[in-house]
Amino acid sequence: MDPMLIGLVAGLVGLALGTFGVLAYRVSERQRQLLDVDTEEPALPPGAAEVLAVVGRAFVVVDAVDGVVRASPAAYAYGLVRGHTVVHKELLDMTAGVRRDGVILEKQLELPRGPLGQGTIIVQVRAAMLGEEYILLLADDRTEITRTEEIRNDFVANVSHELKTPVGAISLLAEALESSADDELAVRRFAKRMHKESGRLAALVQDIIELSRLQGASVAQQGRPVDVNAVIAEAVDRSQLPAESKNIRIVVGGRTDAKVFGDQDLLVTALRNLIDNAIRYSPENTRVGIGIRSREGLVSISVTDQGEGLSPEDQERVFERFYRVDSARSRHTGGTGLGLSIVKHVASNHGGEVTLWSQPGQGSTFTLRLPEMEGQDGGEQADPAAASAASAAAPGPRKSLEEPPVTQGPGAAGATERGATA
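Residues numbered from 1 in each chain as written. Predicted model: local features only at pLDDT ≥ 70, side-chain atom pairs only at ≥ 80, totals over all residues. Heavy atoms only, no water.

S.K.: Describe in detail the overall build of the protein, supporting the description with residues and values.
M.R.: The helix and strand tally for the protein stands at 14 helices and 15 strands. Of all 422 residues assigned to the protein, the portion counted as buried reaches 40%. Put simply, the protein shows about 23800 Å² of open surface, and 54% of that area lies on carbon and sulfur atoms. (Helix = DSSP H or I, 4+ residues; strand = E, 2+ residues; numbered from the N terminus. Buried < 20%, exposed > 50% of the residue type's maximum accessible area, 1.4 Å probe, protein only. Areas by Shrake-Rupley, 256 points an atom, 1.4 Å probe, with all protein chains shown as cover.)

The following block contains the structure:
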């Protein structure tokens, strides 16, 4: 075949392919422009976007078919919107009501936090027309406020219930005392029980006052540098009488030069509650150990008893207000059920925490951990070996939520014994 003819045919084929490619590109560009027009985001009324940007609440804007036109990040975080869909039927019912009646609706709803689990969120929702086509949903998270109010109401109910018991007992004992005025033995017996119930009532009222004071205390504004060693010494001194009444020794091990920032009286109250709790549930002629450790910016104070220990179920609830592991025994020993709740509040107000290690038959160790005050001069920290007096109170090695304290005998270096002698 003639080479000239072959070149001519190849040129015509190339020209045809180039022309086809240009036409295809133009058709594709035109279709893309048409699609861009079709999927353009619906426009909100003038000024609406600017107002919604500064409104400070979660918002969702839906169109005539409840499709999400615009939503704030908070609306997605609350789980109100997923993709371009309003998740909850309650919200769709509100938009339908606004669309039908043309009025503003406002409701407080408790909605699932997500597709899984039992978590819920309580929101105050306001639905209103936005222009002629859109509906605006404004949502305000009221979960914390609502639950705080529920806790306060429960607290008042619990206090009323707890106060009724000693007040009722004193009333009955007074009647019995009046009817037995001629019986000296009965008078003494009833008077002794009245004294015990009045003491329990006084302790309960004092704990309630202390807990109320804690909830209004501002450690950040009223705090000052606190010597941890002085806190422990004062708390131990206040616990001497109940310890001596059961012939229990209080073993203190270790010292720390680190200070914490806070309220010394509140810290003494918290530690005294831990020590009193350990004394209350330890058998007679035993020891209660207090260990101190300062490490990695935290001061840890551990209080160990030789009681019966706590079951896993009790450990989950032991810091609740008015919760008693054994109600009958708590009333017998004078417990109010508020001591550990007070400790938890004090630790929280000081930026710390209280943790628990316990095992049935091996006693319990409560550890109060507080952040060291920043900006203080560095000094020698407590010797870890000397800070293990808590383990000295137990018959064998124990573990805690922190590092296990070194087991040592009662006469270990750095440990001092206070209280009654064995």
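S.K.: Quick one: what's the story with the pairing of strand S6 (residues 120-130), residue by residue and with numbers?
M.R.: Remember that side chains alternate between the two faces of the sheet whenever the strand is regular. Two strands pair when backbone bridges link them, and strand S5 (residues 105-112) and S6 are joined in this way by 8 bridges, in the antiparallel orientation. Residue pairing across strands places Leu109 opposite Val123, the latter belonging to S6. As judged from the 8 bridges shared by S6 and strand S7 (residues 134-141), these two strands associate in the antiparallel manner. Its bridge partner lying in S7, Val123 is registered against Asp141. (Pairing = 2+ DSSP bridges.)

S.K.: Can you tell me about unusual backbone geometry, naming the residues and giving the values?
M.R.: One non-glycine residue, Asn247, lies in the positive phi region at around 55°. In this fold, Asn247 is placed in the loop between helix H9 (240-245) and strand S9 (249-253). A residue is classified by how much of its surface remains accessible, and Asn247, at 23% relative accessible area, is partly exposed. You will see that Glu296, though not glycine, has its phi angle at about 55°, which is positive. Relative to the assigned elements, Glu296 resides in the loop between strand S11 (287-295) and strand S12 (298-304).

S.K.: How would you explain the sheet that holds S5 if you had to name every residue and give the values?
M.R.: In space, the 5 strands of this open sheet follow the order S2-S1-S7-S6-S5, with antiparallel pairing throughout. Lying at the two open borders of the sheet, with one neighbouring strand each, are strand S2 (68-71) and S5. Averaged over all adjacent pairs, the angle separating strand axes in this sheet is 25°, with direction ignored. The sheet strands contacting helix H4 (residues 89-101) are strand S1 (58-62), S5, S6 and S7, and the helix crosses S5 at an angle near 165°. (Axes fitted to C-alpha atoms, helices over the stretch in contact; angles between N-to-C directions. Contact = heavy atoms within 4.5 Å.)

S.K.: Give a detailed account of a nonpolar patch on the surface, specifying residues and quantitative values.
M.R.: On the surface, a cluster of nonpolar side chains totalling about 300 Å² of accessible area is made up of Leu5, Leu8 and Leu12. Mapped onto the fold, Leu8 is located in helix H1 (residues 3-38). Of the residues examined, Leu8 reaches a relative accessible area of 53% and is grouped as exposed. (Patch = residues over 30% accessible without salt bridge, like charges linked within 9 Å, V, L, I, M, F, W, Y side chains within 5 Å. Salt bridge = Lys/Arg side-chain N within 4 Å of Asp/Glu carboxyl O.)

Structural measurements only, silent on function.
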